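A look at the structure
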Amino acid sequence: MELQLIAAMFSFAFVTSVTPGPNNLMLLASGANFGFKRTIPHMLGIACGMILLLLVTLLGLGEIFNRLPSAQLALKVIGVLYLLWLAWKIASAPIAETGDNPKSEALSTAQPMRCWQAAAFQFVNPKAWMMALGAVSSFTLTGEQYWLSGLALIIVFFLVNLPSISLWAGFGVVIQQFLSSARRKRQFNIIMGLLTAATVWMIVGV
């Protein structure tokens, strides 16, 4: 394979991974609410889920969805409902009031998304599907080089996706220092919840 093709893969993986979407908005909120370290499983889940999604797309699942309108509709409905549920969870996340016991029951139930949850979410995440379908259709070669180019694509995303999305969690940590009161934290969570809900248009428009 030519270096030009590899470079194009890196560029595509970076741009699609670092630009706003459901994953990155949730990482921003998680970084602000839980810190970078506790958000690492969420980030790892996104990266692993993206690799799995690329693999099943290479195996032909993407083509099946393209040929079955009913499967596309089911994916859209599940994606919309799950995104709205996640948006509500972000907006209504427990907030520590001044003087509250940090180990109170309400706060102890708040936790960042787990690795397996983040990985599973990629299969109903419209942006992740667009990334996978776009990457496979644009950068895989025909014939005997199909799987070689597919493997190169998986490796590129493995190298690029995690560092790119970690920027959003890091930005959330930076924002954390400005959330000095319970009121600001609540306002921030509501805004992030609304922004996450707004990504539903990505599904409706697909």
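These numbers were taken from a predicted model, which means no experiment stands behind them. (Residues numbered from 1 in each chain as written. Predicted model: local features only at pLDDT ≥ 70, side-chain atom pairs only at ≥ 80, totals over all residues. Heavy atoms only, no water.)

As a further point, take the overall build of the protein. Of the regular secondary structure elements, the protein holds 11 helices and 0 strands. Its helices and strands taken in sequence order, the protein reads α-α-α-α-α-α-α-α-α-α-α from the N to the C terminus. A total of 206 residues make up the protein; the buried ones form 45% of that total. Of the roughly 11,100 Å² that the protein leaves accessible, carbon and sulfur atoms contribute 69%. (Helix = DSSP H or I, 4+ residues; strand = E, 2+ residues; numbered from the N terminus. Buried < 20%, exposed > 50% of the residue type's maximum accessible area, 1.4 Å probe, protein only. Areas by Shrake-Rupley, 256 points an atom, 1.4 Å probe, with all protein chains shown as cover.)

Along the polypeptide, Ser-164 turns up in helix H9 (residues 146–176). Assessed through its relative accessible area of 3%, Ser-164 is described here as buried. One polar contact links the side chain of Ser-164 to the main-chain carbonyl oxygen of Val-160, over a distance of 2.8 Å. Beyond its immediate chain neighbours, meaning those up to four positions away, Ser-164 contacts Phe-14, Ser-17 and Val-18. (Polar contact = N/O pair within 3.5 Å; in protein donor to acceptor, adjacent residues only side chain to side chain. Contact = heavy atoms within 4.5 Å.)

Counting residues in each nonpolar core, the largest one holds 47 residues, and the members touching the most others are Met-9, Met-50, Leu-54, Leu-153, Phe-157, Phe-188 and Met-192. Breaking this core down by element, the ones donating at least two residues are helix H1 (3–18), helix H2 (22–34), helix H3 (36–58), helix H5 (69–91), helix H7 (115–121), helix H8 (126–139), H9 and helix H10 (182–198). The biggest single contributor to this core is H9, with 10 residues. Contact partners of Met-192, with chain neighbours within four places excluded, come to Leu-25, Leu-28, Ala-29 and Ile-90. (Core = buried A, V, L, I, M, F, W, Y, C linked by side-chain atoms within 4.5 Å.)

A separate point is H10. The terminal C-alpha atoms of H10, which comprises 17 residues, lie 24 Å apart, in line with the 24 Å expected from a rise of 1.5 Å per residue. All of the buried residues along H10 are Ala-182, Phe-188, Asn-189, Met-192, Gly-193 and Thr-196. Looking down the long axis of H10, one finds its buried residues gathered within 135° of arc, a one-sided arrangement. Within H10, the exposed residues directed more than 90 degrees away from the buried face are Arg-183 and Leu-194. (Expected span 1.5 Å × (residues − 1). Arc of directions from axis to C-beta.)

The next point concerns H3. Relative to the 33 Å expected for 23 residues at 1.5 Å per residue, H3 spans 32 Å between its end C-alpha atoms, a close match to the ideal helical length. Among the residues trailing H3, Gly-60 stands out with phi positive, at a value near 115°.

On to the side chain of Thr-39. Relative to the helices and strands, Thr-39 resides in helix H3. Owing to a relative accessible area of 0%, Thr-39 belongs among the buried residues under this scheme. Setting aside residues up to four positions removed in sequence, Thr-39 forms contacts with Leu-27, Ser-30, Gly-31, Phe-34 and Ala-169.

Time to look at the environment of Ala-118. Mapped onto the elements of the fold, Ala-118 is located in helix H7. With 71 residues separating them in the primary sequence, Ala-118 and Ala-47 have C-alpha atoms 8.7 Å apart. Apart from the residues lying within four places of it in its own chain, the contact partners of Ala-118 are His-42, Gly-45, Ile-46 and Met-113.

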